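Descriptive analysis of the structure
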Amino acid sequence: MEEKQYQCYLDILKEELVPALGCTEPIALAYAAATARETFGDMPGHMDVYCSGNIIKNVKSVTVPNSGGMQGIEAAAVLGAVGGRADRKLEVLETVTEEDREQVRALLERKFCTCHLQEGVANLYIRVEMRGEGHCVKVTISGKHTHIERIERDGEILFEDRDDCKQAKEQGPDKRESLNVRDILRFADEVRMEDIEEVIGRQVEMNTAISEEGLKNHYGAEVGRTLISVYGDDIKVRAKAKAAAGSDARMNGCSMPVIINSGSGNQGMTCSLPVIEFAKESNVSKEKMYRALVVSNLIAIHQKKYIGSLSAYCGAVSAACGAGAAITYLYGGSYEAVSNTITNTIANMGGVVCDGAKSSCAAKIASAVDAAIMAHMLENADHCFRPGEGLVKEDVEDTIKSMGYVGRVGMKDTDVTILNLMIGEEEGK
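Just so we're clear, the structure is a prediction, and the values are computed from it rather than from any experiment.

**Digging into the overall build of the protein chain**
Secondary structure summary: the protein chain contains 17 helices and 8 strands in total. Against the 2.2 N^0.38 benchmark of 22 Å for 429 residues, the protein chain shows a C-alpha radius of gyration of 21 Å, consistent with a compact globule. The principal-axis extents of the C-alpha atoms in the protein chain amount to approximately 70 × 55 × 50 Å. A burial count over the protein chain gives 56% of its 429 residues as buried. Across the protein chain, the fraction of contacts at a sequence separation of at least 24, relative to all contacts at a separation of at least 6, is 75%. As presented, the protein chain carries roughly 17,600 Å² of accessible surface, and 47% of it is formed by carbon and sulfur atoms. Of the charged side chains in the protein chain, 48 are positive and 64 negative, and the gap between their average positions amounts to 1 Å.

What follows is the structure in structure tokens.
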């Protein structure tokens, strides 16, 4: 692999695999609010939060970390404004205290914060507006969870990063555009361990820790714990249960950080925990496990570049697909074998809908991982769904691209319908 491409793939891992405290959408809200509060100074008289439909969908039912059990958009935003540390970005709520929580409860009681649906914007869009004593501060996040697009105070623009065309021209093509299955496998084979030791090691440590927490204690629907108690500790069960348990904890207020993938902690856990479990079962070396995790993470990111950060397509599927590919790689699978595993997973589970972040994400993760393991087993038995069957194409890259198009374009109306049902606008029709 050429050094330029090698560095590109390494940069993608380092940029994507970062720690986050809790579900990334409420955390992004808290980050925007914390930034607005720091800009405003004292506590404002009122705060308005304008969100895209996908943000509302992914925050509505999830427990905000370090909140003492509070849920929803207003809770996330007010907690960020009161106790958030903007310099910590996706770990913005790490330092929240009980005193902060008490203040938040009082502010919520008096309707300090009002949420609004903002239409005609990016799928990931947040604008926080604070007003009081004749002053007004506006902070906008768009495109990515920590991408502050604009900061404004009393009509004066303090910061702006909106010239996407200019930025893209200066930076060149998106690094992720160079991703493809064959080169991902080549990179995984050739990457120097010292280059991935920190980024992959941190993923193993943090995601394993929250998974163990989810298996030990009572969170949400306890999907992970239930799988183990009902079906036993077979490797196929453990791989599903470990990933589900991490989501059980994370969706229901656990304050432990996770390493994300494609902007999502659930996807980060789905990419990693099944692979770690299969690596343990096979007693492979740490180096082999790390290389397999490189495959899983990059295959997941490769798919998401076509789908987008937030859509009606459940990201657990693309993440589990990465895990299935990595499991095949772990057992010595060739490029053709890994491609077949990807195809088998997509042909089975592609298009599962995302109806927001909540407890049932853990169940969807378990189902997606089950499909990925079956895809691996089918490939092991020399079975692969054939071109022309549904969205399956002659080449794995075209299959990935086709499913991505369905997720990004084909499911747009589905996304609107889901949001309308969630906020009650379609009820009774």
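**Topic: the pairing of strand S5 (residues 135-142)**
Counting buried positions along S5 yields 6 of 8 residues, so the element is predominantly enclosed. Sheet topology note: the strand S4 (residues 125-132)/S5 ladder contains 8 bridges and is antiparallel. Each residue of the ladder has a partner; that of Arg131, found in S5, is Cys136. Between S4 and S5, which pair antiparallel one after the other, the connecting turn spans 2 residues, and Glu133 there sits at a positive phi close to 50 degrees. As paired strands, S5 and strand S6 (residues 148-153) are joined by 5 bridges and run antiparallel to one another. The residue bridging Val137 from the neighbouring strand is Arg153, located in S6. Taking the residues between adjacent antiparallel strands as the criterion, S5 and S6 are bridged by 5 residues, where Gly143 takes a positive phi near 85 degrees.

**Section: the packing of aromatic side chains**
Within the structure shown, the criterion is met by 3 aromatic pairs. Summarising the aromatic geometry, the rings of Tyr9 and Phe187 are spaced 5.6 Å apart at their centres and angled 70 degrees between planes, so their arrangement reads as edge-to-face. In this pair, Tyr9 is assigned in helix H1 (residues 3-16) and Phe187 in helix H7 (residues 181-190), connecting sequence segments 178 residues apart. A single burial state applies to Tyr9 and to Phe187, both of which are buried. The side chain of Arg127 reaches across the aromatic face of Tyr50, ending 4.1 Å from its centre. We note Arg182 situated over the ring of Tyr335; from NZ or CZ to the ring centre the distance is 3.8 Å.

**Examining empty space enclosed by the protein**
For the coordinates displayed, the defined rule picks out 3 cavities of 30 Å³ or more. Taken as a whole, the largest cavity encloses approximately 330 Å³ of empty space. Taken together, 29 residues line the largest cavity, and the ones lying closest to its centre are Asn58, Ser264, Asn266, Gln267 and Cys354. For the lining of the largest cavity, the secondary structure elements donating two or more residues are helix H2 (24-40), helix H10 (235-251), helix H11 (265-282), helix H13 (315-330) and helix H15 (361-380).

**Regarding H10**
Taking 1.5 Å of rise per residue, 17 residues should cover 24 Å, and H10 covers 24 Å from first to last C-alpha, within 8% of that figure. Taking burial as the measure, the 17 residues of H10 include 16 buried ones, the bulk of the element. The opening residue of H10, the one whose side-chain oxygen lies 2.8 Å from the backbone nitrogen of Lys236, is Asp234. In the segment just after H10, Gly253 is the residue with positive phi, at about 100 degrees.

**Notes on the environment of Ile235**
Mapped onto the elements, Ile235 comes out in helix H10. Assessed through its relative accessible area of 12%, Ile235 is described here as buried. Apart from the residues within four sequence positions on either side, Ile235 is in contact with Glu277, Phe278 and Glu281.

**Notes on the pattern of salt bridges**
Considering all chains together, one arrives at 25 salt bridges under this definition. The partner of Glu98 in a salt bridge is Arg101, and the shortest N-O contact between them spans 3.0 Å. Of this pair, Glu98 and Arg101 both sit in helix H5 (residues 98-109), 3 residues apart, roughly one helical turn. With its nearest N and O atoms 2.9 Å apart, the salt bridge here joins Glu277 to Lys242. Taken together, the positions of Glu277 in helix H11 and Lys242 in helix H10 put the pair 35 residues apart, joining distant regions of the chain. No difference in accessibility class separates Glu277 from Lys242, as the two residues are buried.

**Side note on the layout of surface pockets**
Considered as a void within the structure, the second largest pocket measures approximately 430 Å³ in volume. If you go around the second largest pocket, you meet 22 residues; those closest to its centre are Gly53, Asn54, Asn123, Val416 and Leu419. At the level of elements, helix H3 (53-59), helix H16 (396-410) and helix H17 (412-422) are the ones that each hand at least two residues to the lining of the second largest pocket. The biggest single contributor to the lining of the second largest pocket is H17, with 5 residues.

**Looking at the pairing of S6**
Along a regular strand, successive side chains alternate from one face of the sheet to the other. Of all 6 residues that make up S6, 5 are buried, and the element is covered over most of its length. Sheet topology note: the S6/strand S7 (residues 156-160) ladder contains 4 bridges and is antiparallel. Bridge pairing in S7 places Ile151 opposite Phe159. From the end of S6 to the start of S7, which pair antiparallel, there are 2 residues, and Asp154 there has a positive phi angle of about 50 degrees.

**Thoughts on the environment of Pro26**
Position of Pro26 among the secondary structure elements: in helix H2. With relative accessibility at 0%, the residue Pro26 sits in the buried group.

**Points about H1**
Along its 14 residues, H1 runs 20 Å from first to last C-alpha, staying within 8% of the 20 Å computed at 1.5 Å per residue. What H1 keeps buried is the set Tyr6, Cys8, Tyr9, Leu10, Ile12, Leu13 and Glu16. Contacts from the buried residues of H1 go to H7, helix H8 (193-216) and helix H12 (286-307).

Each value, and the rule that gives it
Residues numbered from 1 in each chain as written. Predicted model: local features only at pLDDT ≥ 70, side-chain atom pairs only at ≥ 80, totals over all residues. Heavy atoms only, no water. Helix = DSSP H or I, 4+ residues; strand = E, 2+ residues; numbered from the N terminus. Rg over C-alpha atoms; globule rule 2.2 N^0.38 Å. Buried < 20%, exposed > 50% of the residue type's maximum accessible area, 1.4 Å probe, protein only. Contact = heavy atoms within 4.5 Å. Areas by Shrake-Rupley, 256 points an atom, 1.4 Å probe, with all protein chains shown as cover. Lys, Arg positive; Asp, Glu negative; His and termini not counted. Charge placed at Lys NZ, Arg CZ, Asp CG, Glu CD. Pairing = 2+ DSSP bridges. Phe/Tyr/Trp six-rings, centres within 6.5 Å; stacked < 30°, edge-to-face > 60°. Lys NZ or Arg CZ within 6 Å of the ring centre and 35° of its normal. 1 Å grid on protein atoms, 1.4 Å probe; cavity = no way out; pocket = protein on both sides within 12 Å on 5 of 7 lines; lining within 4 Å. Points joined across faces, edges and corners; volume = space filled by probe spheres on them. Expected span 1.5 Å × (residues − 1). Polar contact = N/O pair within 3.5 Å; in protein donor to acceptor, adjacent residues only side chain to side chain. Salt bridge = Lys/Arg side-chain N within 4 Å of Asp/Glu carboxyl O.

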